[in-house]
Each structure stands twice: as C-alpha cells, then as structure tokens.
Amino acid sequence: MLKNQLITPEGTKDYLFEEAAVREEAETLLHTLFKARGFSEVITPGLEFLDVFSVKGHSIPIEYMYKLSDYKGRLMVLRPDSTMPIARLCATRLRAEQMPLRLFYNQTVYSQNRTLSGRSDEVKQAGVELLGAAGLRADLEMTSLAAQALQRCRQKNFRIEIGHIGIFNALVSSLGLDDAVREQLRLYIEAKNYPAVNDLLDTFGGHEAKVLKRLPRLFGGDGVFPEAEMLLKGTDAEEPLSYLRTLYLKLNEAGLGSCVTVDLGIVNRTDYYTGIVFKGYIEGHGEEVLFGGRYDRLIGRYGEETPAIGFAVNVDAVARALLRNEGAPSRMPQTLVFAETGCEIAALHELDRMIIQGTTAEFATMETLEDALHYARAKGIDTIAYVTVNGVFLRSAKEGF
Amino acid sequence: MRPIRIALTKGRLEKSTIALFKKMGLDCTELENKGRRLILPIPGTPFEVVLAKAADVITYIEHGVCDVGVVGKDTIMEYGGSFFEIADLGIGRCRFALACKKGEDFYSGYAEKTIATKYPNVSRQFFEKKGMDVRIVKIEGSVELAPLLGLSDAIVDIVETGTTLRENGLAVIEDVAQVTARVIVNTVSMKLSKVEIEKLIADLERVLP
C-alpha cells in the first residue's frame, strides 16, 4: 500500500453525514435569500490562470495559492477567491449586460495555510456581488443583506461591523509617508498594536498623526461617532466618516441597530477596497465569518472601470455553528420497507407512495424479515413496513411481528 | 456565554502577571494554589485563566478558544499570526541579540555564515533586512553550545543579563530587537466582549510598574 493512500492532505477533510447535511442547509438558506433578492448564480472554474489573480495592486500573495501548470507550462492556480474571476467575467462576457448586475456564487476557494496551523485549505464560500452600482443605496442594500444572511442562517448573537477605507487613506496621505512606512503603519493599525502605532507616529507632528493614533481604538457602537467627528473635523477624512455615519444610521433605521457596530480601524487590503468595508462575526468562531466591501477599481484592471460591492460568507464556519447550536439533523429514514419474496415491485411502489406522503423510507435488501428487523433495530429505524400479497403491515421495529 | 479566557505564559511571566492581577485587586487564591490544574477561575469576575506555553498562547488566541493572552514579544516575532496586540506591559524585559565568540569579527570575509538559534524566523528576518545570506540551524536547548562546538559562527538568542554568554566566552555583537510582555486579543473577542476586555486592559495598565 502507498504511504498516502489512506489519508487526506492537511487542511482538507471528508464531510460525513451531518457535516454534509448542515453545510447543504447553510448553502440552501443563503442561496434562497440571494435568489429572492434578485441575484443570479454564476460558477467560475476551479482552475484559473495565475494572471487572473496577479493584477496590479490587487494581487493575492503567491505563497498562499495552490499552483499547477498546464500542458504549455503556463502557471495555473486553484481558485483562491471568487471576486476576481467575477471581475474578469464582468469585464468580458458580461460587459454588454444591463447594469447594475447582481451575481451570487457558492463555491470552494483554496489557500495554502501554514502547516500545522489547524486551518482549512479548502473553504466553501457563498457570496454576492453587486456590479455597476455606486452610492449609498447600493452600500445599504449590501450591508443590510449581509446582516440578513447571518440572520437567515439562524445565528442569534451575530455582529456586522462596518468601516470606511477612505478614512485611513485620507489621513495617511497627508503624512506623505513612503510606501514601506505606510504599510508598516497599516499593519500596526490592523493589528490594533496601540504601542507600535504610537511609537511610529511619535516622529510626526500634526493633527493627522494624532488622529491616526486614536484610529484603531475607535470601534464599537453609537459612542464612536461623537469622538471621531471631533477628531476628524477639518481633515480630508471628514467626508468618508460622515458617509459611514449616514450608512450606520440607515442600518439602525432598518432595525439592525443591535447587530451593527463600526470600526474605523478596519484597514485590511487598502489597495483593494475603495469605500465601505464590513465584517461579520458569530459567537464561537475565532475569525470573521463574513467579509466584504466596495471595490470600485478592481474591474478596471480587467476592462472598463465599474463600481462594485460584494461580500462572501464562510459557509463551513456557519455550518459548524448550526451543528453546534442545533445538534445533528437526523439522518435515519423513518421506515424500512421489506418485501415478502415475490412482492419486490409492490414494495418499491409502496416506498414511492410513502415518499410522496412525506415519509423518508429505505428499501430493505435483506432476504428475510428477521434480518430486516435486526437491521432496523441496529440502525435505529422506527418503523418497518412488511409488504405481502395480503397487503402492507406497519409495525414498530422494536416490537416486530 | 463561557467566561472570558485569559491565557498566561507559564513560568516567570505567569508569576509577574499574577502579581499585577493581585495589585488590581483580583482574587488570585485559585491561581496561587493551582496544583496541576491548567484552567483556573478568578472568582467574582467574568474571567478564567488558562496556563500554556508561550507559542501555544498565540495558537489558542488565534483560534478564539482563549480571548486575551499575555505573551513575550519574542514569541510574537517568531510565530506571528493574526490577533490584536493591544498593550505593552513593559514587564519580562529582555532583548534578542546576535552573539559570537569573544574577539571574533563576525562580519569579516565573504564566507557564508551559520547561525544557530531557537528563533529561525526572527533570525531570517534580521539577516534578510541586511541583505545577507546566512545558513540557519534550529537548536532546541542551550544555543550557546553551537559556536563553542564549531557548528555555527554566531547565535541569535534572548539575552537577559548576559551572564550565560560571558561564562561561555561569547559576546554580543549587535541587538536584534527589544522584548517585553504584550497583551494580545482574539479579533472577534475584542469586538464581542469589548467592554470587559477594555476594562481589563485599562485596569492592568493602571498597576504597571
């Protein structure tokens, strides 16, 4: 036997029974919602050329992608993200479509994680993209849809957190930092490394540096805005902040006040996102389960510039939460249908009849009634239907005949 | 909801953190009479304490099974990860240093140098910044042995007082980084338990030496 014949690669796993069932449940809940809200499904290839994910200013670091080569030696990757292929689609096959365009997907993304980190290299993501629409209405639609997505997945204590990438960008550009220092500052703010942010900015005078020091601490509910408004007054970040506040108030008006918070220190992928950014959290999962934002410059890298906003949900994480909160759904059929010799076809008809009536039923492949009863008891099937020339007899499998 | 879990780095850092907890007025009787238990309650608070090895503190925080952690900057530099690093406690102060046999000129010549270390990532980053190719050998125990036995030209290691180096005929060539204990927080916990965690950190910072 070969060494790796019996195992799956690190970061992957087999999904058995209830794990598969809850994942399908989460997928169904999400795509039912997305479809009802006018989004249409697209499926992009699992294998793409590396070039799709290496566009200037938006590229995915090469070390995180699974790479292969085609017969011409061209580099290919296992899909690491679904938004970039959709941007490619938007700039090519969809360029003549009536905008705005609402698309959704439900597919696996692959990433190479640090070995022994316990992370999955294969994650099912369900997501939506609203292409060709800019402005408050589009942002409102998508952020409220994000909240609804987690609600629909029966997550009780969830949180949607919104931020605006323009705040950091406006403040930092006034400092005139070189790219390396700017990136260092961004990383410190992203990590809420308060002491390091302070140290780095201590060498700069001016109001903007003072505000940047406070930026990672400005997160939470209503209370964030008064301080932020005072701090950002007169800076270029005033406008994105007031936009964020308007969005926040609208979401409150939509009754989402208890589950929406803000974080002015969200500065992930500042070269990718161009406006609103948001994340979703649920209890019991150590990372965000939903993330998204506005990315108005991405599609322009493939063709005509088109404003866009979207988000993705980590279906695996949501499914695990469903399993944790609600327990495993039953996977046993309610009835086992056993045929007396010669009555096999009648039994198959009986099975169909039961299924139409909404019972789950399984056809017994055993030769004797005794074996069938034994099997039903061992597996925990409640009822046995005994199909004979004299008719169908239903009994509890425990009692038997 | 489960209690907010604070992961402490076992050993010296554990002791100095518990001393801070006491100054904050927390009930540390369980912590001081822990026996062999690894999860300990702090009565009258929403917190419980988990004792773990330094690198594991990071792992537990990253995965969100612990919420707040106290761990040395050395471990953070070596293992990295995504979490919030929100406070510098200033305790457990030491430094990363590059050291070689006393009197040797480490940077001389063009021959490739070999570095022995418990911290391969910290070492690699240090020399990458210098644009210098080195061979890095991971050592698990007393790194000072490696240059003495002729395995490496130098070591990158944690230096507190420098006594071990001196007694083995080694000397610091250059500091690599300063190290202190940090408070790290899981990115989701920080948002879902903002009030409790911010209060804990503020209280901690108030009693810092």
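Basis of the calculations
- Residues numbered from 1 in each chain as written.
- Chains lettered and ligands numbered in written order.
- Predicted model: local features only at pLDDT ≥ 70, side-chain atom pairs only at ≥ 80, totals over all residues.
- Helix = DSSP H or I, 4+ residues; strand = E, 2+ residues; numbered from the N terminus.
- Buried ≥ 20, exposed ≤ 12 C-beta atoms within 10 Å, placed from the backbone.
- Contact = placed C-beta atoms within 7 Å.
- Rg over C-alpha atoms; globule rule 2.2 N^0.38 Å.
- Domains from an automatic or database assignment.
- Nonpolar A, V, L, I, M, F, W, Y, C, P; charged D, E, K, R; others polar.
- Axes fitted to C-alpha atoms, helices over the stretch in contact; angles between N-to-C directions.
- Parallel < 35°, antiparallel > 145°, perpendicular 65-115°, else oblique.
- Left-handed = near helix turned anticlockwise from the far one by under 90°.
- Pairing = 2+ DSSP bridges.
- Right-handed = clockwise from strand over helix to strand, strands pointing away.
- Expected span 1.5 Å × (residues − 1).
- Arc of directions from axis to C-beta.
- Core = buried A, V, L, I, M, F, W, Y, C linked by C-beta atoms within 7 Å.

## Points about the overall build of chain B
Okay, so step 1: Secondary structure assignment for chain B yields 9 helices and 11 strands.
Okay, so step 2: Counting all 209 residues of chain B, 38% fall into the buried class.
Okay, so step 3: Sequence-distant contacts, at least 24 apart, represent 66% of the contacts inside chain B between residues at least 6 apart.

## Thoughts on the overall build of chain A
Okay, so step 1: Secondary structure summary: chain A contains 12 helices and 16 strands in total.
Okay, so step 2: Computed over the C-alpha atoms, the radius of gyration of chain A is 27 Å, more than 25% above the 21 Å expected from 2.2 N^0.38 for a compact globule of 401 residues.
Okay, so step 3: Taken over 401 residues, chain A has a buried fraction of 39%.
Okay, so step 4: Sequence separation of at least 24 residues holds for 70% of the intrachain contacts in chain A that already meet a minimum separation of 6.

## A word on the domain arrangement of chain B
All names here are of chain B.
Okay, so step 1: Partitioning chain B into structural domains gives domain 1 (4-92 + 180-206) and domain 2 (94-177).
Okay, so step 2: A C-alpha centroid distance of 31 Å is found between domain 1 and domain 2.
Okay, so step 3: Taken together, the residues of the side of domain 1 that touches domain 2 break down into 1 nonpolar, 1 polar and 2 charged.

## Brief notes about the packing of helix 1 (residues 18-36) of chain A against helix 10 (residues 315-326) of chain A
Each pair of packed helices can be summarised by the angle the axes make with each other and by the distance between the axes.
All names here are of chain A.
Okay, so step 1: Axis separation between helix 1 and helix 10 bottoms out at 8 Å; the angle between their running directions is 115°. In this view, helix 1 runs roughly perpendicular relative to helix 10, as classed from their interaxial angle. In this structure, the crossing between helix 1 and helix 10 has a hand that is right-handed. Listed contacts from helix 10 to Glu 18, Val 22, Arg 23, Glu 25, Ala 26 and Glu 27 of helix 1 are Val 315, Asp 316, Val 318, Ala 319, Leu 322 and Leu 323.
Okay, so step 2: Classifying every residue of the contact of helix 1 with helix 10 gives 7 nonpolar, no polar and 5 charged.

## Some words on the sheet that holds strand 1 (residues 4-9) of chain B
Strands belonging to one sheet form pairs held by backbone hydrogen bonds; the direction of such a pair is parallel or antiparallel.
Residue and element names in this part refer to chain B.
Okay, so step 1: Here 6 strands make up an open sheet; going across it, the order is 2-3-1-4-11-5 and the pairing mixed. Both edges of this open sheet fall to strand 2 (39-41) and strand 5 (84-88), since each of them pairs with a single strand only. Each strand axis lies, on average, 25° off the axis of its neighbour in the sheet, ignoring direction.
Okay, so step 2: Here 3 bridges tie strand 1 to strand 4 (residues 68-72), and the two strands are oriented parallel to one another. In the sheet register, Leu 8 faces strand 4, and the bridge partner there is Val 70.
Okay, so step 3: Strand contacts of helix 1 (residues 12-23): strand 1, strand 3 (47-52), strand 4 and strand 11 (181-185), with the helix running at about 130° to strand 1, the strand carrying the most contacts.
Okay, so step 4: Against the sheet, helix 3 (residues 54-62) contacts strand 1, strand 3, strand 4 and strand 11, and its axis sits at roughly 150° relative to strand 4.

## Thoughts on the sheet that holds strand 3 (residues 67-69) of chain A
All names here are of chain A.
Okay, so step 1: If you trace the 3 strands from one edge of the open sheet to the other, you get 2-4-3, paired in antiparallel fashion. Edge positions in the open sheet fall to strand 2 (47-49) and strand 3, since each of these has one partner strand only. Strand-to-strand twist in this sheet, taken as the mean axis angle between neighbours without regard to direction, amounts to 40°.
Okay, so step 2: The pairing of strand 2 with strand 4 (residues 75-78) spans 3 bridges and is antiparallel. When the bridges of strand 4 are listed, Phe 49 appears paired with Met 76.

## Here we look at the pairing of strand 12 (residues 308-314) of chain A
All names here are of chain A.
Okay, so step 1: Most of strand 12 is tucked away: 7 of the 7 residues are buried.
Okay, so step 2: Of the two faces of strand 12, the one carrying Ala 308, Gly 310, Ala 312 and Asn 314 and the one carrying Ile 309, Phe 311 and Val 313 are both buried.
Okay, so step 3: Summarising the sheet, strand 6 (residues 122-131) and strand 12 pair through 7 bridges and their orientation is antiparallel. If you follow Gln 125 over to strand 12, its bridge partner there is Asn 314.
Okay, so step 4: Across 5 bridges, the pairing between strand 11 (residues 290-294) and strand 12 is antiparallel.

## A few points about the pairing of strand 8 (residues 134-138) of chain B
Residue and element names in this part refer to chain B.
Okay, so step 1: In this sheet, strand 8 lies alongside strand 7 (residues 113-117) in parallel orientation, the contact comprising 5 bridges. Each residue of the ladder has a partner; that of Ile 115, found in strand 8, is Ile 136.
Okay, so step 2: Chirality of the crossover, the property in question, places the unit of strand 7, helix 5 (residues 120-130) and strand 8 among those that are right-handed.

## Observations regarding the interface of chain B and chain A
Okay, so step 1: The partner chain A presents 15 residues to the 14 residues of chain B that form the contact.
Okay, so step 2: When residues of the side of chain B that touches chain A are traced back to their parent elements, those giving at least two are strand 5 and helix 8 (187-192) of chain B.
Okay, so step 3: A per-element tally of the side of chain B that touches chain A places strand 5 of chain B first, with 5 residues.
Okay, so step 4: Here the residues of the side of chain B that touches chain A sort into 5 nonpolar, 4 polar and 5 charged.

## Let's talk about the packing of helix 3 (residues 136-152) of chain A against helix 9 (residues 238-256) of chain A
Residue and element names in this part refer to chain A.
Okay, so step 1: Where helix 3 contacts helix 9, the two axes come as close as 10 Å, and the packing angle between them is 45°. Looking at the two axes, helix 3 sits oblique to helix 9. Here the hand of the crossing between helix 3 and helix 9 comes out right-handed. Residues Leu 136, Asp 139, Leu 140, Thr 143, Ser 144 and Ala 147 of helix 3 lie in contact with helix 9, whose contacting residues are Thr 246, Leu 247, Lys 250, Leu 251, Ala 254 and Leu 256.

## Considering the domain arrangement of chain A
Put simply, an interface is often sized by how much accessible area is lost when its parts join up.
Okay, so step 1: Segmenting chain A into domains produces domain 1 (18-326) and domain 2 (335-396).
Okay, so step 2: When each unit is reduced to the centre of its C-alpha atoms, the spacing between domain 1 of chain A and domain 2 of chain A is 52 Å.

## Structural notes on helix 11 (residues 344-356) of chain A
All names here are of chain A.
Okay, so step 1: Helix length check: helix 11 (13 residues) gives 19 Å between terminal C-alpha atoms against 18 Å at 1.5 Å per residue, within 8%.
Okay, so step 2: Residues of helix 11 that are buried include every one of Ala 347, Glu 350, Leu 351 and Met 354, and no others. Down the axis of helix 11, the sector holding all buried residues measures 105°, keeping them to one side. Exposed residues lying more than 90 degrees from the buried face of helix 11 are Ile 345, Asp 352 and Ile 356.
Okay, so step 3: Looking at the buried positions of helix 11, the neighbouring elements they touch are strand 13 (335-339), strand 14 (361-363), strand 15 (383-388) and strand 16 (391-396).
Okay, so step 4: Of the residues flanking the end of helix 11, it is Gly 358, one or two places downstream, whose phi is positive at about 100°.

## Thoughts on the nonpolar core
Okay, so step 1: Residues Ala 26, Ile 162, Val 313 and Val 318 of chain A together with Val 185 of chain B are the most contacted members of the largest nonpolar core, which totals 121 residues.
Okay, so step 2: For Ile 162 of chain A, the residues in contact, after removing those within four places along its chain, are Thr 143, Leu 244, Leu 247, Tyr 248, Val 260, Val 262, Ile 276 and Phe 278 of chain A.

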